[in-house]
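# Structural features, examined
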Amino acid sequence: MWNFNYVIPTLLVLVVFMGYYYGLPRIPISINRYFVKLVAIEFVVMATDIVSTWACINYEILPIWLIYLLNEAYFVTFFFRAFMFFLFTATILKSSASTDPLKCMISHIPAIILSLVVISTPWTYWFFYIDGTGYHSGKLYNLLYTLFVAYMTGAFILILKHRVKVRRRREFVSVIWYNAILLIGIFVRYAFPKYLLMDTFCLLALIVIYLSFVNPDFFLEPRTWIFNSRALREYIGEINNKKKFTVLELVIDNYFDLRDLYGARQMNQGIDLIGSYLEETFKNVMIFYDRDGRFSILSENDFDYVSIYSSIKEIFKHRWNTDDAELYLDVRGAIIHFGDRRISLENVISILSSGYDSAAKSDGDELIVMSSDEQIKITETSEIKKILKYSIEHDQVKVFLQPIINSKSGKLEGAEALARLVDINGNIIRPDLFIPIAEKNGMINQLGNIVFEKTCKFIRDTNVDAMGLSWINVNLSPIQFMRSDIADRLVSYIKEYHIKPESIHLEITEEAMVDEALLMKQMESLMAKGFSFALDDYGKGYSNIARLKKCPFINIKLDMSIVWDYCSKPDVLIPNVVETLQKLGFSITAEGIENEQMAKSMTDIGVTFLQGYHFSRPIPMEEFVKIYSK
Ligand code: C2E
Ligand code: CA
Ligand code: CA
């Protein structure tokens, strides 16, 4: 006979869980909404399972329509539970099956059709029927298993298809795990239908989902239950590009200093107070705490952020009283509107984070407004970052060469290696866009190594002597140059490609000369390995000839700006500088030579080498070989 030993305790556990879970604050995102529904539907399935089974046992004393009704309720919710599990998996995997209304409707269809079969069963007897001997399965009953397995199969297909989209490995394992539990559940039901065990397996699946995806702790600050940065990210992820929204960002002024001053404990209490104040005062908006003294107030409607900001400023004029201290804090703000342009979630996050930075730097009296130009710039920067990272990881960084010509012979003598990135449309990205970004986020080291290595490879694989090419200049960013392992790194490439260090000249700029002691140390260790140095961009900033005397450069490159100045309006200054530098033993290169006239003026004042568009723009290595091998 029927066995209730499993399903009743399972129902009890579920009820206790519901009491606990429904009481916690939840960020309104789709996985949470679906989970709430899933738990509710699971409750109905369990309850109707128990009641309808009991009705089947007591068929003799109950009206037949009631037995039909209870069983129908059970089967219909059973089908929709399978569908909800599928939908939940689709949502986790960010599959279009959960977002595209048409696909979503199509995935409802099996559950709807089978529900119609069940509803019609009192007349057709297809799914089940009740006669004088009680409850019996109908000829279409096994479609119940087919339906469940079909939804599970759909879920596994989605898992395979979207596996790369799951960012955390743990989450990926969890999706497989709860779907596997459900599959086991349906097989157990098939093998032992009388034990009512399926619900227990569904509860286990719900627990795995809870622990891995919807645990409210993931989205809340532990003490105050204010939504955290993960909640902000997930929430924006769902409304981004669908709705307009505005974020008012608040930053506690000097957060880290004050945290040192007041101590972490009191500062945390202060943050709690502020969070609670914001939550209680401002309704119809969402409040997030984004760590490090930064709050976001998000609104999807027009809201009067100016007066909100000024009332917040006003409140901050008073002290915040915590259990054991009084905190004096000040706050700065920025306002950002989203939704006028399509923009990726990553870019929204970058814009938010630079909004905080601008607010922190402001004087605080006025609200910083992030213009859409600034937003576009931040978006471009983060696009470049992405391309940079991709290019480095997938060996897509290109190195172009620009010839350096001997002014006397007019022949090729050297070249400068210049890095290039290519975007997905095949457009070249200029180094003055990506080099500063690479310097800021540390990728310049890898990038510099790539340019250096490709130059070594070029020298090894090309008959450079036949072209008259004696050396190639490689740029070293100050950040790269200051690294203690730079000499070993460069030597390892030289050895790997069996080339002479003399064939590479390293270009550094005056920025690298700020710390003179370190500069000398680094130059000496590289020179001991056989490298030579050229000083780049001479005359661009503040240049000091006296200091140059001490530095062992072999070549000084005059920056285009002073070359152009001189060529448009000759004076005595540049010829004097050139003469002095020559006397000190440096050879001199003039950059930015764009025409015959400029080449001649520079040759006349005694410049040794010429570089510029007049001779050639920087070109791909293969093209360089083609042109100069002749
Ligand atoms: P730079 O080292 O001063 O390089 C010379 C720049 O002047 C190159 O710009 C070159 O294309 C440009 N140029 C050359 N002749 C002319 C001319 O006649 N007229 C004009 N208008 N421009 C000319 P590019 O390639 O865009 O590079 C810009 C800067 O990016 C470089 O300035 C350098 O500071 C940096 N850079 C490029 N590649 C690397 C690299 O591999 N590592 C590092 N650290 N920096 C690099
Ligand atoms: Ca250079
Ligand atoms: Ca230069």
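Okay, so let's go over this structure. (Residues numbered from 1 in each chain as written. Chains lettered and ligands numbered in written order. Predicted model: local features only at pLDDT ≥ 70, side-chain atom pairs only at ≥ 80, totals over all residues. Heavy atoms only, no water.)

For the protein chain, the count of helices and strands is 26 helices and 19 strands. Taking the principal axes of the C-alpha coordinates as reference, the protein chain spans close to 115 × 65 × 40 Å. Burial status across the protein chain gives 51% buried among its 630 residues. Partitioning the contacts of the protein chain with sequence separation of at least 6, the portion at a separation of at least 24 is 72%. (Helix = DSSP H or I, 4+ residues; strand = E, 2+ residues; numbered from the N terminus. Buried < 20%, exposed > 50% of the residue type's maximum accessible area, 1.4 Å probe, protein only. Contact = heavy atoms within 4.5 Å.)

Time to look at the sheet that holds strand 3 (residues 245-252). An order of 4-5-3-8-9 is seen for the five strands of this open sheet, with the pairing classed as mixed. A strand with exactly one partner marks an edge of an open sheet, and here the two such strands are strand 4 (286-289) and strand 9 (368-369). In this structure, strand 3 lies alongside strand 5 (residues 294-299), joined through six bridges in antiparallel fashion. Opposite valine 247, over in strand 5, you have leucine 298 as the bridge partner. (Pairing = 2+ DSSP bridges.)

Those donors, Glu416 (OE), Asn475 (OD1), Glu507 (OE) and Asp536 (OD), are the protein atoms that reach the calcium ion (ligand 2), and they lie 2.1 to 2.3 Å from it. Between consecutive donor residues of the calcium ion (ligand 2), the sequence gaps follow E-x58-N-x31-E-x28-D. In this structure the calcium ion (ligand 3) is found 4.0 Å away from the calcium ion (ligand 2), and aspartate 536 serves as a bridging donor for the pair. With glutamate 416 in strand 11 (residues 412-422) and glutamate 507 in strand 14 (residues 504-509), this pair connects stretches of sequence that are 91 residues apart. Of the residues examined, glutamate 416 reaches a relative accessible area of 3% and is grouped as buried. With a relative accessible area of 1%, glutamate 507 lands in the buried category. (Donors = N, O, S within 2.8 Å, 3.2 Å for Na, K, Ca; no water.)

Tallied over the entire structure, the rule returns 27 salt bridges. The partner of glutamate 346 in a salt bridge is arginine 233, with the nearest N and O atoms 2.5 Å apart. Here the residue glutamate 346 occupies a position in helix 14 (residues 345-361), and arginine 233 occupies one in helix 10 (residues 229-239), the gap between them amounting to 113 residues. Classification of glutamate 346 by relative accessible area gives partly exposed; the value is 40%. In the salt-bridge network here, residues are joined through shared partners; they are Asp253, Lys313, Asp330 and Arg332. (Salt bridge = Lys/Arg side-chain N within 4 Å of Asp/Glu carboxyl O.)

Together, Lys94, Lys103, Lys161, Lys165 and Arg167 give the surface a local cluster of positive charge. As for its placement among the helices and strands, lysine 165 is situated in the loop between helix 7 (143-162) and helix 8 (169-191). Look at lysine 165 and you get partly exposed, because its relative accessible area is 44%. (Patch = residues over 30% accessible without salt bridge, like charges linked within 9 Å, V, L, I, M, F, W, Y side chains within 5 Å. Areas by Shrake-Rupley, 256 points an atom, 1.4 Å probe, with all protein chains shown as cover. Lys, Arg positive; Asp, Glu negative; His and termini not counted. Charge placed at Lys NZ, Arg CZ, Asp CG, Glu CD.)

Turning to the coordination of the calcium ion (ligand 3), a few remarks are in order. For the calcium ion (ligand 3), every protein donor is listed as Asp536 (OD), Asp537 (OD), Glu591 (OE) and Glu591 (OE), and the spread of their distances is 2.2 to 2.8 Å. Within one chain, the residues serving as donors to the calcium ion (ligand 3) are arranged as D-D-x53-E.

Note that soluble globular proteins tend to have their nonpolar side chains buried in a common cluster. If you look at the biggest cluster of nonpolar residues, it comprises 100 residues, and the most contacted ones within it are Phe35, Phe75, Phe79, Phe88, Phe127 and Tyr178. Among the elements that line this core, the one with the most residues is helix 3 (residues 64-92), at 16 residues. Residue contributions to this core reach at least three from each of two domains, namely domain 1 (7-217) and domain 2 (220-370). Residues Val397, Leu412, Ile444 and Leu476 belong to the second largest nonpolar core, which totals 79 residues. (Core = buried A, V, L, I, M, F, W, Y, C linked by side-chain atoms within 4.5 Å. Domains from an automatic or database assignment.)

Bringing the site of ligand 1 into the picture now. Around ligand 1 there are 21 residues in total, and Gln402, Arg420, Asp536, Glu594 and Tyr613 lie nearest to it. Within the contact set of ligand 1, a nitrogen atom lies 3.0 Å away from a backbone nitrogen or oxygen of alanine 419. A distance of 2.5 Å separates a nitrogen atom of ligand 1 from a polar side-chain atom of glutamate 594. Expressed as a share of its isolated accessible area of 790 Å², the protein-covered part of ligand 1 is 85%. Among the secondary structure elements, those contributing two or more residues to the shell around ligand 1 are strand 11, helix 16 (431-441), strand 15 (532-538) and helix 23 (560-568). Ranked by the residues each element gives to the shell around ligand 1, the list is headed by strand 11, at four residues. Here the residues of the shell around ligand 1 are counted per class, giving 10 nonpolar, five polar and six charged. (Near = heavy atom within 4 Å. Polar contact = N/O pair within 3.5 Å; in protein donor to acceptor, adjacent residues only side chain to side chain. Nonpolar A, V, L, I, M, F, W, Y, C, P; charged D, E, K, R; others polar.)

Geometric descriptors of this kind do not, in isolation, establish any biological role.
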